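Read off the chains here:
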Amino acid sequence: MPDLIIITVIIAVLFDVSNGWNDSANAIATVVSTRVLSPLAAVLLAAAMNIAGAFATTAVAKTIGKGVVDPTGITTTVVAAALLSGFCWNWAMTILGMPVSASHALIGSLMGAATAHGGLEVLNAAGLKKIFTALLISPPIGMLFGYLLMKLLLRAFGASSPGALNKHFG
């Protein structure tokens, strides 16, 4: 059993690294390519914010921990299988250049591993409904807020010259 726990921790680190492969481009590429921050400063800032975010709230962890699968259906083997599956999915999508959500990969992997171990009855329908509802309504809400924010920015700064904007925001 201790060997399986060590292996599970190693797989968890691999999964976390695969998450970073995808998040790093979104988090730091723009500020590095526009020379707002140096690569080192951007990586350090991203690392600090990820650590701070982990301590800020546990709502996502609680939802995944109790909202996806009945905790009695979770074993070390189930966790290891879910993490390995999520890592493989993240790795494959990254290699193919496809967008991927590590959180959703982990949720799907956990659902599959737990179902393989304990059957469909270990799935938490209420928690999954909340997750899938958010998954479906997030893109249209994001589009709406993105549209409104862009309109606001264009109204506020659309007539300004690039030089004046770079002087204040660069």
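Refer to the structure printed above.
Below you will find a few notes about this structure. (Residues numbered from 1 in each chain as written. Predicted model: local features only at pLDDT ≥ 70, side-chain atom pairs only at ≥ 80, totals over all residues. Heavy atoms only, no water.)

This brings us to the overall build of the protein chain. Helix and strand counts for the protein chain come out as seven helices and zero strands. Ordered by position from the N terminus, the helices and strands of the protein chain form the series α-α-α-α-α-α-α. Relative to the compact-globule value of 15 Å for 170 residues, the protein chain shows a C-alpha radius of gyration of 20 Å, a clear excess of over 25%. Within the span of the protein chain, comprising 170 residues, buried residues form 20% of the whole. The contacts in the protein chain between residues at least 6 apart in sequence include a share of 71% that link residues at least 24 apart. Within the structure as shown, the protein chain displays about 11700 Å² of accessible surface, and the carbon and sulfur contribution to it stands at 73%. Averaging the positions of the 8 positive and the 5 negative side-chain charges in the protein chain gives two centres separated by 27 Å. (Helix = DSSP H or I, 4+ residues; strand = E, 2+ residues; numbered from the N terminus. Rg over C-alpha atoms; globule rule 2.2 N^0.38 Å. Buried < 20%, exposed > 50% of the residue type's maximum accessible area, 1.4 Å probe, protein only. Contact = heavy atoms within 4.5 Å. Areas by Shrake-Rupley, 256 points an atom, 1.4 Å probe, with all protein chains shown as cover. Lys, Arg positive; Asp, Glu negative; His and termini not counted. Charge placed at Lys NZ, Arg CZ, Asp CG, Glu CD.)

With that settled, the discussion passes to unusual backbone geometry. Look at Arg-35: it is not a glycine, yet its phi comes out positive at around 65°. Relative to the helices and strands, Arg-35 is located in the loop between helix 1 (2–33) and helix 2 (39–56).

Moving on, we get to the packing of helix 3 (residues 59–68) against helix 6 (residues 125–157). Axis separation between helix 3 and helix 6 bottoms out at 7 Å; the angle between their running directions is 135°. Between helix 3 and helix 6, the crossing angle belongs to the class labelled oblique. The residues of helix 6 that touch helix 3, namely those facing Thr-63, Gly-67 and Val-68, are Gly-127, Leu-128, Lys-130 and Ile-131. In terms of residue class, the contact of helix 3 with helix 6 is built from three nonpolar, three polar and one charged. (Axes fitted to C-alpha atoms, helices over the stretch in contact; angles between N-to-C directions. Parallel < 35°, antiparallel > 145°, perpendicular 65-115°, else oblique. Nonpolar A, V, L, I, M, F, W, Y, C, P; charged D, E, K, R; others polar.)

What follows covers a nonpolar patch on the surface. Taken together, the side chains of Ile-5, Val-9, Val-13, Val-17, Trp-21, Trp-91 and Ile-95 define a hydrophobic patch exposed on the protein surface, amounting to about 670 Å² of accessible area. Secondary-structure elements contributing two or more residues to the nonpolar patch are helix 1 and helix 4 (76–95). By residue number, the principal contributor to the nonpolar patch is helix 1, which donates five residues. (Patch = residues over 30% accessible without salt bridge, like charges linked within 9 Å, V, L, I, M, F, W, Y side chains within 5 Å. Salt bridge = Lys/Arg side-chain N within 4 Å of Asp/Glu carboxyl O.)

Let's shift gears to the nonpolar core. As a rule of thumb, nonpolar side chains are buried together in soluble globular proteins. Counting residues in each nonpolar core, the largest one holds 13 residues, and the members touching the most others are Val-68, Val-69, Val-78, Ile-107, Leu-110, Met-111 and Ala-114. Secondary structure elements with two or more residues in this core: helix 3, helix 4, helix 5 (102–118) and helix 6. With five residues, helix 5 is the largest single contributor of residues to this core. One finds Ile-11, Ala-80, Ala-102 and Leu-106 within the second-largest nonpolar core, a separate group that totals seven residues. (Core = buried A, V, L, I, M, F, W, Y, C linked by side-chain atoms within 4.5 Å.)

Moving on, we come to helix 5. Its 17 residues give helix 5 an end-to-end C-alpha distance of 24 Å, which sits within 8% of 24 Å, the value for a rise of 1.5 Å per residue. Within the sequence span of helix 5, burial applies to Ala-102, Ala-105, Leu-106, Ile-107, Ser-109, Leu-110, Met-111, Ala-113 and Ala-114. Close packing links the buried residues of helix 5 with helix 1, helix 3, helix 4 and helix 6. One or two positions beyond helix 5, positive phi appears at Gly-119, with a value near 90°. (Expected span 1.5 Å × (residues − 1).)

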